[in-house]
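Residue-level listing of the chains:
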Amino acid sequence: MDNTLTIIFGIVAMLLPLVIGRLVWKRFDQYFGRNDEAYMDTLEYFLKKIGFTILVAFIILWIGISLVFSGSANS
C-alpha cells in the first residue's frame, strides 16, 4: 500500500507543474503585460514569459518530488 501511494503521489507531483505552468502562462499577460500590445509582441517579453513559467513549474516539481520521496527513504 505504501508503494501504491508513493506512485500515485509521484504522478500527481509530476502533473501538477504542468497545470500550474499552464495557468502561469495564461495569466502572465494580466499581471505583466501592461496592456501594451507592442510590448507583448517583443522577444524580450516572450523570453520573460517562458522563463518565468519554466521557473515556477520547476520549483513546484522540485517541492512535489521532494515531498514524495522524503518519506520513502525510511521504508
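This structure is a prediction, so every number in the text was calculated from the model and none was measured. (Residues numbered from 1 in each chain as written. Predicted model: local features only at pLDDT ≥ 70, side-chain atom pairs only at ≥ 80, totals over all residues. Heavy atoms only, no water.)

Student: Looking at this structure, I do not really get the overall build of the chain. What am I missing?
Tutor: If you tally the helices and strands in the chain, you get three helices and zero strands. Going from the N terminus to the C terminus, the chain shows its helices and strands as α-α-α. For the chain, whose C-alpha radius of gyration is 17 Å, the value lies well above the compact-globule estimate of 11 Å for 75 residues. Taken over the C-alpha atoms alone, the chain extends approximately 55 × 15 × 15 Å along its principal axes. Relative to its 75 residues, the chain shows a buried fraction of 23%. Accessible area for the chain stands at about 5900 Å²; split by element, carbon and sulfur atoms hold 70% of it. Of the side-chain charges in the chain, 6 are positive and 6 negative, and the distance between the mean point of each set is 4 Å. (Helix = DSSP H or I, 4+ residues; strand = E, 2+ residues; numbered from the N terminus. Rg over C-alpha atoms; globule rule 2.2 N^0.38 Å. Buried < 20%, exposed > 50% of the residue type's maximum accessible area, 1.4 Å probe, protein only. Areas by Shrake-Rupley, 256 points an atom, 1.4 Å probe, with all protein chains shown as cover. Lys, Arg positive; Asp, Glu negative; His and termini not counted. Charge placed at Lys NZ, Arg CZ, Asp CG, Glu CD.)

Student: Explain a nonpolar patch on the surface here, please?
Tutor: Side chains of Leu5, Ile8, Phe9, Val12, Leu16, Val19 and Leu23 sit close together on the surface and give an oily, nonpolar patch of about 600 Å² of accessible area. In this structure, Leu16 sits in helix 1 (residues 2-32). Judged by its relative accessible area of 41%, Leu16 falls in the partly exposed class. (Patch = residues over 30% accessible without salt bridge, like charges linked within 9 Å, V, L, I, M, F, W, Y side chains within 5 Å. Salt bridge = Lys/Arg side-chain N within 4 Å of Asp/Glu carboxyl O.)

Student: Looking at this model, I keep getting lost on the environment of Ile8. Mind explaining?
Tutor: Among the structural elements, Ile8 can be located in helix 1. For the pair formed by Ile8 and Leu61, sequence separation is 53 residues and the distance between their alpha carbons is 15 Å.

Student: Any chance you could explain the UniProt feature "transmembrane region" (unreviewed entry) in the chain here in plain terms?
Tutor: Taken from the UniProt record, the annotation "transmembrane region" (unreviewed entry) applies to residues 6-25 and 46-69. Secondary structure across residues 6-25 comprises 100% helix and 0% strand; the distance between its end C-alpha atoms is 29 Å. Between the first and last C-alpha atoms of residues 46-69 the distance is 34 Å; the span itself is 100% helix and 0% strand. (UniProt positions renumbered as here; feature names shortened; annotations may be inferred.)

Student: Which parts of the structure should I look at to understand the packing of aromatic side chains?
Tutor: Aromatic ring pairs are defined here through the distance separating the ring centres and the angle between the ring planes. Applying the stated criterion to the full structure yields seven aromatic pairs. Relative to Phe52, the ring of Phe32 lies with its centre 5.8 Å away and its plane at 70°, an arrangement referred to as edge-to-face. A residue pair is termed long-range when its members are at least 10 positions apart, and Phe32 in helix 1 and Phe52 in helix 3 (residues 43-70) qualify at 20 residues. On the basis of relative accessibility, which here comes to 40%, the residue Phe32 falls in the partly exposed class. With relative accessibility at 34%, the residue Phe52 sits in the partly exposed group. The rings of Phe28, Phe32, Tyr39, Tyr45 and Phe52 are connected pair by pair, giving a single aromatic cluster. (Phe/Tyr/Trp six-rings, centres within 6.5 Å; stacked < 30°, edge-to-face > 60°.)

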